[in-house]
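Topology and contacts: notes
In case you want the letters, here they are:
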Amino acid sequence: MSDEPYRGPRSALEAAAGRRGIDDPGPDAGPRVARVPESHVQDTFEVGGLETKRDESLLQAVLADHDGVSAASATQRNGTVGVHHDPSVSRADIRETLESYDLAVAPGDEAFASRRASQFASARVAVAVLFGLMVATPYIGVLYPTRVEWLFYDPVTVEYLRSILDSRVATHFFVNLAALSGVAFLVACGPTIRRAVAAATEGRITREVAFVGGVCAVFGYSTLAAFTGFDGAVHYDLVAYAVAGVTVWKHFAVEEASVERRATEPAAAASGAESAGDSDADDRVALTDGGR
């Protein structure tokens, strides 16, 4: 290994896997399943240097092959590594092992919070996209044809759809749209709403304040148009599109840039105190699929 012109994380992991006789994991390999004894604890590290899904699989296989380690998971996207191990194996030992693979290990115990935050962010993206599709479908099938009838159906079909919207059935129709778009906004944009409220309370005008205020204004206008005598268009679709667009953009553009920046930062001083392990039932099952 010392004769190689370049010794990066990937080459170091490959060398470690070769020394231990571990086969190269295939790209279609499923999640690794391991039995975790009740006495084992878990430590989570924030690392830089994992570049591909193959690096994830190699690191998980190499760590799981160490004595005292029952399961290991690595997440390349947010740069975290979780290890279930015997209490006799210290956090410092695992950190030293990770650094021996030329991975930059961040100090402190922020890694668990980073992984949990990433999981919640992924859940918010799923809510925004799924609920956005659920709002868009009735708009495409019913409302859009009545607004641009020359583009969709014949006049008879358009008149039929308008008669449905003028009947009592429309109340239930709009209630569903309001509920879907409102829940999507509150769940997917929860952190954004909290930051916007805090900024507005302090008298600061930010982009998040403008976004939250705009969405609330469109939602309120649509609610008045749908459930009162106010004559206006119902734009719950704009609420859903805005929520989905901003959530996806922040997740894949802003957050990915933050992850990449953390991965390039050098490792700092010693790690924090040893974190408490899980206390589930005996012989817990760990799905070490990178924490996803």
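Parameters at a glance
- Residues numbered from 1 in each chain as written.
- Predicted model: local features only at pLDDT ≥ 70, side-chain atom pairs only at ≥ 80, totals over all residues.
- Heavy atoms only, no water.
- Helix = DSSP H or I, 4+ residues; strand = E, 2+ residues; numbered from the N terminus.
- Buried < 20%, exposed > 50% of the residue type's maximum accessible area, 1.4 Å probe, protein only.
- Pairing = 2+ DSSP bridges.
- Salt bridge = Lys/Arg side-chain N within 4 Å of Asp/Glu carboxyl O.
- Contact = heavy atoms within 4.5 Å.
- Core = buried A, V, L, I, M, F, W, Y, C linked by side-chain atoms within 4.5 Å.
- pLDDT = per-residue confidence, 0-100.

Our focus in this paragraph is unusual backbone geometry. Even without being a glycine, Asp102 presents a positive backbone phi close to 60°. Structurally, the position occupied by Asp102 is in the loop between helix 3 (91-100) and strand 5 (104-105). A relative accessible area of 27% places Asp102 in the partly exposed class.

Before going further, it helps to examine the pairing of strand 2 (residues 41-48). Counting buried residues in strand 2 gives eight out of eight residues, a clear majority hidden from the surface. Residues Val41, Asp43, Phe45 and Val47 line one face of strand 2 and the alternating positions Gln42, Thr44, Glu46 and Gly48 line the opposite face, and both faces are buried. Here strand 2 pairs with strand 4 (residues 80-85) via six bridges, running antiparallel. If you follow Glu46 over to strand 4, its bridge partner there is Thr80.

This next bit is on the pattern of salt bridges. In the structure shown here, the tally under the stated rule is seven salt bridges. Ionic pairing is found between Arg91 and Asp43, a salt bridge with its closest N-O pair at 3.1 Å. Highlighted residues: Arg91 in helix 3 and Asp43 in strand 2, separated in sequence by 48 residues. In this structure, Arg195 and Glu208 form a salt bridge, with 2.9 Å as the shortest nitrogen-oxygen distance. Taken together, the residues span a long stretch of sequence, with Arg195 in helix 7 (residues 190-201) and Glu208 in helix 8 (residues 207-227) at a distance of 13 residues. Judged by its relative accessible area of 39%, Arg195 falls in the partly exposed class. Using a relative accessible area of 22% as the deciding quantity, one classes Glu208 as partly exposed. Connected through shared salt-bridge partners, Arg195, Glu208 and Lys250 make up one network.

This next bit is on the environment of Ala225. Position of Ala225 among the secondary structure elements: in helix 8. For the pair Ala225 and His235, spaced 10 residues apart in the sequence, the C-alpha separation amounts to 9.1 Å. Beyond its immediate chain neighbours, meaning those up to four positions away, Ala225 contacts Phe230, Gly232, Ala233 and Val234.

This brings us to the nonpolar core. Formed by 23 residues in total, the largest nonpolar core has its most connected members in Val47, Leu50, Leu59, Leu63, Val81, Leu98 and Tyr101. Broken down by secondary-structure element, the contributors of at least two residues to this core are helix 1 (9-19), strand 2, helix 2 (53-64), strand 3 (69-75), strand 4 and helix 3. Tallying contributions element by element places helix 2 first for this core, with five residues.

Turning to the confidence of the model for the protein, a few remarks are in order. The predicted model of the protein has a mean per-residue pLDDT of 77, with 74% of residues at 70 or higher. The low-confidence segment residues 1-8 (pLDDT under 50) makes 10 contacts with residues lying over four places distant or belonging to another chain. With pLDDT under 50 throughout, residues 262-292 is counted as low confidence; its partners more than four residues away or in other chains account for 83 contacts.

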